[in-house]
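Structural characterization, general
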Amino acid sequence: MVVQLFPMQTAGAALLAVGALVLVVVIAALLSAIEIVDAYEKRALTVFGEYRKLLQPGINFVPPFVSNTYRFDMRTQTLDVPRQEAITRDNSPVTADAVVYIKVMDAKKAFLQVDDYKRAVSNLAQTTLRAVLGDMELDDTLNKRQEINARIRTELDEPTDEWGIRVESVEVREVNPSKDVQRAMEQQTSAERKRRAMILEAQGERRSAVEKAEGDKQSEIIRAQGEKQSQILEAQGDAISTVLRARSAESMGERAVIDKGMETLADIGQGESTTFVLPQELSSLVGRYGKHLSGSDVKENGAELESREFDEETRELIGLDDIAEIIGEIDQEADMDVEAMEQEAQAIKEGKDPAEISDPDEVIEEMDQDFQSQADGGTEMPTEDSDGSSTSD
């Protein structure tokens, strides 16, 4: 059985097919005509191979089917420069690698002036790194890292400006000499450290010896000063002791004279005679010392018996005028702080500050002044009246 199609049905099917095809073409054209650019990039637009413009971030409409876009990242990018081998100016082999930071400043130049700007900058950085290292000595390549970075950046600036690229920074990460050179450098460093250690040790020993000698010198000086002051104080003590012994002996002699006079009076009192003729010196002696011995004055017929003064010869003979002075000097010298003098001498021997020790000449002068003042301020002796009787104060 044969089905016969009508011309109207055939035309409708063709129209549907054409409509579907047109719809597909329109959708494809719309998709091709819309270009969305990110915020951190720009795109170069070409129509039929001809450069037209740079597409800015956002939605851009381009001719469909005949347009091409090329993406350029406008952020700072990092290029890793592979490890390079170089020979320094003093013929030492070294290896080094670096990192280059670049940024696209003009996308049009980067599109039109250079094929692949990243690869171009990387290759240029490699050759520049080898050239800079070859123009420096080994020690400079190890120590002057900042200088190497600055020179590489300066060498890269001029050609990259023509490409619309800016080199923001160059950092050399490692510069390593050969193993033989490293071994020699380690030996040199070890020898240098040993030399410095020996120098420091020698300087320390010398300083220690100097300090020890200076300390011994100061110790000997202080010890000598202490012994000197100790001898001076010992001599002063001996002199004072001698003076005290002499004063004591003199005082004892005066007391012996007085005791002898008392014994004479006792012998006279034991005699049978009731009338006695006493010399003026003896009556003066009785009147002077009666009160001291008995606690009361000697009296006759209810009246006090006044003694007469000794004449100058007798007073000088028995040393009557010097008794109070001698007794005062003995008491004063007995009160001297002998223990303090011994402590002071011991302090000097132990090396303490000798500035606190009095000068021996000053000590002797002060003692003489004390003796003189005591002699001038002695007790006033009795004076004889005009009638031959003696009065005492």
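Analysis parameters
- Here, residues in each chain are numbered from 1, in the same order as that chain's written sequence.
- With the structure being a predicted model, the display of local features is reserved for residues of pLDDT at least 70 and the display and counting of side-chain atom pairs for 80 or more, all residues being used for whole-chain, interface and lining totals.
- Side-chain numbers here rest on the full set of heavy atoms in the structure, without hydrogens or water.
- UniProt positions are given in the numbering used here, feature names are shortened, and annotations may be inferred rather than shown by experiment.
- Note on patches: the residues involved have over 30% relative accessible area and no salt bridge, like charges join within 9 Å, and the nonpolar side chains Val, Leu, Ile, Met, Phe, Trp and Tyr join within 5 Å.
- Throughout, the Shrake-Rupley method with a 1.4 Å probe supplies accessible areas, and for residues the shown protein chains are the sole cover considered.
- For this document, the term salt bridge refers to a Lys or Arg side-chain nitrogen within 4 Å of an Asp or Glu carboxyl oxygen.
- Only four residue types enter the charge count, namely Lys and Arg as positive and Asp and Glu as negative; His and the chain termini do not.
- For the purpose of locating charges, the reference atoms are NZ of Lys, CZ of Arg, CG of Asp and CD of Glu.
- In DSSP terms, a helix is any run of H or I states spanning at least four residues, a strand is any run of E spanning at least two, and both are numbered starting from the N terminus.
- Only protein chains enter the calculation, and the probe is 1.4 Å; a residue is then buried if its accessible area is under 20% of its type maximum, exposed if over 50%, and partly exposed in between.
- At least two bridges found by DSSP between two strands are what make those strands a pair.
- Axis lines are fitted through C-alpha atoms, for helices just across the contact stretch, and the angle between N-to-C directions can take any value from 0 to 180 degrees.
- Between two residues, a contact is recorded if the distance between any of their heavy atoms is within 4.5 Å.
- We call a set of buried residues a nonpolar core when its members are Ala, Val, Leu, Ile, Met, Phe, Trp, Tyr or Cys and they connect through side-chain atoms within 4.5 Å of each other.
- Annotation comment: domain bounds sourced from an automatic or database domain assignment.
- Helix span, as expected, comes to 1.5 Å for every residue beyond the first.

Per an unreviewed UniProt entry, the chain carries the name SPFH/Band 7/PHB domain protein and comes from Natrinema halophilum. Here is the UniProt Sequence similarities (unreviewed entry) comment for the chain, exactly as written: "Belongs to the band 7/mec-2 family." Listed in UniProt under the heading Subcellular location (unreviewed entry), the comment for the chain reads: "Membrane".

Here the focus is a negative patch on the surface. Where like charges cluster on the molecular surface, the negative patch consists of E155, E158, D161 and E162. If you trace the backbone, D161 turns up in helix 5 (residues 145-162). With relative accessibility at 45%, the residue D161 sits in the partly exposed group.

Turning our attention to the sheet that holds strand 8 (residues 165-177). Spatially, 6-7-8 is the arrangement adopted by the three strands of the open sheet, whose pairing is antiparallel. Pairing within the sheet leaves two strands with one partner each, and these edge strands are strand 6 (77-87) and strand 8. Within the sheet, the average angular offset between the axes of one strand and its neighbour, ignoring direction, is 20°. In the sheet, strand 7 (residues 93-104) pairs with strand 8 via eleven bridges, with the strands oriented antiparallel. Paired with V94 across the two strands is P177, which belongs to strand 8. Where helix 3 (residues 117-134) meets the sheet, it contacts strand 6, strand 7 and strand 8, and its direction lies at approximately 35° from that of strand 6. Contacts from helix 5 reach strand 7 and strand 8, with the element oriented near 140° to strand 8.

Nonpolar side chains in soluble globular proteins tend to end up buried together. By size, the foremost hydrophobic cluster in this structure holds 35 residues, and its most contacted members are V100, I102, Y117, I152 and I165. Among the secondary structure elements, those contributing two or more residues to this core are strand 6, strand 7, helix 2 (107-112), helix 3, helix 5 and strand 8. Two domains each provide a minimum of three residues to this core, namely domain 1 (30-73) and domain 2 (75-177).

Turning next to unusual backbone geometry. At F48, a position not held by glycine, the phi torsion is positive, near 55°. You will see that F65, though not glycine, has its phi angle at about 70°, which is positive. Within the fold, F65 resides in the loop between strand 4 (58-61) and strand 5 (67-73).

The next thing to look at is the pattern of salt bridges. This model, assessed by the stated rule, comprises 18 salt bridges. D80 is paired through a salt bridge with R173; the nearest N and O atoms lie 2.8 Å apart. One end of the pair, D80, is in strand 6; the other, R173, is in strand 8, and 93 residues separate them in sequence. Residue classification places D80 among the partly exposed positions, given a relative accessible area of 49%. Residue class for R173 comes out partly exposed when judged on its relative accessible area of 42%. Two residues, K144 and D140, come together in a salt bridge whose shortest N-O distance is 3.6 Å. The class for D140 is partly exposed, based on a relative accessible area of 21%. Residues joined in a network through salt bridges with shared partners are D80, R83, D97, R173 and E174.

Strand order in this open sheet of three strands is 3-2-5, and the pairing throughout is antiparallel. Each edge of the open sheet is held by one strand with a lone partner, namely strand 3 (50-55) and strand 5. For this sheet, the mean inter-axis angle between neighbouring strands, taken without regard to orientation, is 25°. Bridging between strand 2 (residues 41-47) and strand 3 involves five bridges; their strand directions are antiparallel. Note on strand 3: the bridge partner recorded for V47 is E50.

Given a rise of 1.5 Å per residue, 18 residues ought to cover 26 Å, and the 26 Å separating the end C-alpha atoms of helix 3 matches this to within 8%. When helix 3 is considered as a whole, its buried residues turn out to be Y117, A120, V121, S122, A125, Q126, T128, L129, V132 and L133.

Alignment of strand 6 against strand 7, held across nine bridges, turns out to be antiparallel. Among the inter-strand pairings, A86 is bridged to a residue of strand 7, identified as V94. Connecting the antiparallel pair strand 6 and strand 7 is a turn made up of five residues, with N91 showing a positive phi of about 60°.

Side chains of V18, V22, V26 and L30 sit close together on the surface and give an oily, nonpolar patch of about 340 Å² of accessible area. In this structure, V26 sits in helix 1 (residues 7-33).

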